[in-house]
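Observations on chain architecture
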Amino acid sequence: MKSKWIRQVVFPLVAAIIWGTAFVFQSEGAAYVGPFTFNTMRCAMATVFLGLILLGRDLWQKRKPRAADDAPKDKRNVKALLLGGLLCGAMLACASNLQQLGLGATSPGKAAFITALYVVLVPVFGLFLGKRARPVVWIGVALAVAGLYFLCITGKMSVERSDFFVFLCALCFAVHIMIIDRFSPHVNGVELSCVQFAVVTVVSAIGMLLTEAPTWAAISACLWPLFYVGVFSGGVAYTLQILAQKNANPTVVSLLLCLESVFAVLAEGLMMAQWPSVREWIGCGLMLTAVVLAQLPEGKGRKE
C-alpha cells in the first residue's frame, strides 16, 4: 500500500515540480534556438540518459542467473514496447511542437491554461474507454480548471488562430496520457520512456532540418537549460509519469500532473523574484483543493 501511494502520488508530484521549474529554463533556451532544435537536443539528451540507465541495469542483471521463463516474457513484450513507444513518441512530438508553434503568437499564460485543459479531456476520453471517474474527481476537475484560469489568465480572453494550435497540443497530451495508461502495465516504464524520446528526437530533427538552421554556437549558449530540460524534465519526469500511471486512474494522475502550473508560478518567484499575485494564490489554492479531493478514499467499500 505504501509503495503504491509513493508511485501514484509522490511520483507525479515530483514530475509536476520538475516540469514547473523547467519553464524558466525553457524560456531561456527559446531565446537562442528554434522549437524543433530545442526539442531535438533535449529529447536526444533524454534518450541517451535513459539508455545509459538501461545499459547499467542490464550489466547489473548479467551478474545474476536469469530464470528460464524470462526470455518468452521479454519476447512477448517487445511488440508492445515498440508500438507503445512509437505512439507515445508521436503524440509527445506533436504536443511539444504544436505548443511551441502556438506560443509564438499567444501569451504564455493563455497557452498554459489551454494546454492544461488535458485535465478535462482525460476523463472525457476515459468514458469512451470504460474508465469512469468518481463524482468527487469530476468536482476536482472543475476546481482545477477554475484554478488554472485564475493562475494563468490575467488579461482579456479571446480566441485566436494560435490558440487552436495550443488546444491541439492539449488534445495530444490527453491522448498521450491515455496511451501510457494502455501500455504501461505491460512494459517496463524506463524502456517505454526511452523509446518514446527516441521517436520524438527523430520527428523533431526532421522538422529542424526542414525549417531551421541551428548553429553549434547557439546550442552551446543554452547548453545548461537544454541539459536540465532534457535530463530532468524529460528523462526523469516523463519516466516518473509512466511509472505513476501503471494500474492507476489516469484522471487522478492528470490532476496531480497539472500542478506544474502552480510550481511554475512558485519557481518564477524564487528564481526570478516575481512573486504570485493574490489572484494567482487563489488559483493555487483551488488546484490544491482539487488534488486533495481526488485523493479522498471512496468509503468503507473501497478495496486496495
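Look above for the structure.
Report on the accompanying structure. (Residues numbered from 1 in each chain as written. Predicted model: local features only at pLDDT ≥ 70, side-chain atom pairs only at ≥ 80, totals over all residues. Heavy atoms only, no water.)

1. Thoughts on the overall build of the chain
Scanning the chain from N- to C-terminus turns up 13 helices and 0 strands. Its helices and strands taken in sequence order, the chain reads α-α-α-α-α-α-α-α-α-α-α-α-α from the N to the C terminus. Taking all 304 residues of the chain together, the buried fraction comes to 47%. Nonlocal contacts in the chain, meaning residues at least 24 apart in sequence, comprise 93% of its contacts between residues at least 6 apart. Surface exposure of the chain reaches about 15,300 Å², of which carbon and sulfur atoms provide 69%. (Helix = DSSP H or I, 4+ residues; strand = E, 2+ residues; numbered from the N terminus. Buried < 20%, exposed > 50% of the residue type's maximum accessible area, 1.4 Å probe, protein only. Contact = heavy atoms within 4.5 Å. Areas by Shrake-Rupley, 256 points an atom, 1.4 Å probe, with all protein chains shown as cover.)

2. As for the nonpolar core
Core analysis: the largest hydrophobic core is formed by 59 residues, its most contacted members being Tyr 118, Phe 173, Phe 197 and Leu 226. The contacts of Phe 173, once residues within four sequence positions are left out, are Leu 92, Ala 95, Thr 115, Tyr 118 and Tyr 238. Ala 80, Cys 88, Ile 179 and Ile 180 belong to the second-largest nonpolar core, a separate cluster that totals 9 residues. (Core = buried A, V, L, I, M, F, W, Y, C linked by side-chain atoms within 4.5 Å.)

3. As for the packing of aromatic side chains
We describe a pair of aromatic rings using the distance from one ring centre to the other and the angle between the two ring planes. Inspection of the entire model under this criterion finds 6 aromatic pairs. Plain terms: the ring middles of Phe 197 and Tyr 238 are 5.6 Å apart, the flat faces sit at 80° to each other, and that makes the pair edge-to-face. Taken together, the residues span a long stretch of sequence, with Phe 197 in helix H8 (residues 189-211) and Tyr 238 in helix H10 (residues 223-245) at a distance of 41 residues. As far as the burial class goes, Phe 197 and Tyr 238 line up, both buried. For the pair Phe 227 and Phe 232, a centre-to-centre distance of 6.2 Å together with 80° between the ring planes defines the contact as edge-to-face. The structure contains a cluster of three or more aromatic residues connected by ring pairs, namely Trp 224, Phe 227, Tyr 228 and Phe 232. Across the ring face of Phe 183, the terminal group of Arg 182 is positioned such that the distance to the ring centre comes to 5.0 Å. (Phe/Tyr/Trp six-rings, centres within 6.5 Å; stacked < 30°, edge-to-face > 60°. Lys NZ or Arg CZ within 6 Å of the ring centre and 35° of its normal.)

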